[in-house]
Amino acid sequence: MTQIKKTPLNKWHHENGARMVEFCGWDMPVQYEGIIAEHKATRTTAGLFDVSHMGEIFLRGPDALNNLQRLLPNDPSTLKIGQVQYSPMLTESGAVVDDLSIYKFSDVEYLLCVNASNVDKDFAWIQSHLEGDVTATNESADFAQIAIQGPKAEEILSSVLGLDFSELKYWWFQKHEQQSQELIIARMGYTGEKGFEIFCPNDVAVPLWEELMASGKDLGIQPIGLGARDTLRMEVCFPLYGQEFTDSNSILGAKVNRFLKLDKPFDFIGKKAILASKESKDYNQLVYLELIDKGVPRSHYPVINTAGECIGEVTSGNMSPMLGRGIAIASVKKDQADASEMFIQVRNKNLKAQVVKGPFVPTQK
């Protein structure tokens, strides 16, 4: 039996009232005060997230970039040192192995931040496709990761670290030494709000977390569990591996085409399949649905067109805490995706929904 993993902050979560669940093999907080309260705190003040379960894989060597060019459909050659880039990682069939962030430390060193559920799979996939003078190392066990998100995030982080982050651009990072320990601080996040993600050594996680909580107390900071993390990303239409992305669905319908650089001078893994699917138009398309009727959509609920035909299913669904109504991301047949109105089948009742461009909720970022 596989032993459940624990982040360096696990004891803090248990001692501070978190309701814990097993998530991707980790003992993680799903909520503290409650999903709605935590969600609204992140939108209005600041939320603190333990994301130490995420994976960190490094590629180092003169051929690191060339390998990334073959492994990924985005173009990491455009990255400057200190910049971050988002990219899917694809199978030969054009489905998704994972989606990840690429951090450029130098011309010969890159960090890939990958999803917790896929660390071992991603590492094996990367290793099996390496060529030339490059090494890959899975250093996930050496890092904790904390995210602080919301309108007050910068003020709180600056007060703790004594740094001015006003010039740090979105999708950029910088290193900072704190008590002889190196932190990697990136301006980014999974909520749509302004915020930061901080990579730190494991023994720094608890004192840093507690300092952030103390500094943000009067501003309304709250610890945030996985429940609100999910509703926050849904409101801004951010996809999730295992729901919007899978290893069986084509990437073409996932609304991330701007990250597919089909004209770059590398035949990346999955390119031929993408070009074939693009020609045939034989793939499902994601759409964003906002319920007009009252109800709460959930994953796998059927999506029905106005003719009464099932055209797909919900990939992610929930009640939007900010809108007070049901929202959903759904995968439907491509030839049905341009409709302005659809229905979601909830408990055998078809609830009317309007198709929206997204995001469901406007945010500062």
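Coordinates for the structure precede this section.
Quick summary incoming for the structure in this document. The structure presented is a predicted model; accordingly, all values stated were derived computationally and were not measured. (Residues numbered from 1 in each chain as written. Predicted model: local features only at pLDDT ≥ 70, side-chain atom pairs only at ≥ 80, totals over all residues. Heavy atoms only, no water.)

Taken as a whole, this structure holds 13 aromatic pairs when the rule is applied. Between the aromatic rings of Trp-12 and Trp-209, the centroid separation amounts to 5.5 Å while the plane-to-plane angle is 65°, which identifies the pairing as edge-to-face. Taken together, the residues Trp-12 in helix H1 (residues 10-15) and Trp-209 in helix H6 (residues 202-216) connect sequence positions 197 residues apart. Residue classification places Trp-209 among the buried positions, given a relative accessible area of 0%. Among the aromatic residues, those joined into a cluster by ring pairs are Phe-58, Tyr-103, Phe-105, Phe-143, Phe-173 and Phe-199. (Phe/Tyr/Trp six-rings, centres within 6.5 Å; stacked < 30°, edge-to-face > 60°. Helix = DSSP H or I, 4+ residues; strand = E, 2+ residues; numbered from the N terminus. Buried < 20%, exposed > 50% of the residue type's maximum accessible area, 1.4 Å probe, protein only.)

Our next topic: the side chain of Lys-271. Tracing the chain through its elements places Lys-271 in helix H8 (residues 271-280). When its relative accessible area of 13% is taken as the criterion, Lys-271 is described as buried. The residues touching Lys-271, leaving out its near neighbours within four places in the chain, are Leu-262, Lys-264 and Phe-266. (Contact = heavy atoms within 4.5 Å.)

Take the environment of Gly-220 next. Here Gly-220 shows up in the loop between H6 and strand S13 (222-224). The exposure class of Gly-220 is partly exposed, given its relative accessible area of 28%. Excluding its chain neighbours within four sequence positions, the residues that come into contact with Gly-220 are Ala-41, Thr-45 and Ala-46.

Another point: the sheet that holds strand S12 (residues 195-201). Reading across the sheet, the six strands line up as S10-S11-S12-S9-S3-S13 and stay open at both edges, with mixed pairing between neighbours. The two strands at the open ends of the sheet, each matched to only one other strand, are strand S10 (173-178) and S13. Strand-to-strand twist in this sheet, taken as the mean axis angle between neighbours without regard to direction, amounts to 25°. In this structure, strand S3 (residues 47-50) lies alongside strand S9 (residues 143-149), joined through four bridges in antiparallel fashion. Paired with Asp-50 across the strands is Ile-146, a residue of S9. Across the face of the sheet, H6 comes into contact with S3, S9, strand S11 (181-186), S12 and S13 while running at roughly 145° to S12. (Pairing = 2+ DSSP bridges. Axes fitted to C-alpha atoms, helices over the stretch in contact; angles between N-to-C directions.)

Cis peptide bonds are those with omega within 30 degrees of zero, and the linkage from Gly-358 to Pro-359 qualifies with 0°. If you trace the backbone, Pro-359 turns up in the segment after strand S19 (349-356). Backbone geometry places Cys-24, a non-glycine residue, at a positive phi of 55°. Note on placement: Cys-24 falls in the loop between strand S1 (19-23) and strand S2 (26-31). You can call Cys-24 partly exposed: its relative accessible area is 36%. Phi is positive for His-300, close to 80°, though the residue is something other than glycine. Tracing the backbone through its elements, the reader meets His-300 in the loop between strand S14 (284-291) and strand S15 (302-304).

Interpretation in functional terms is not warranted from these geometric data alone.
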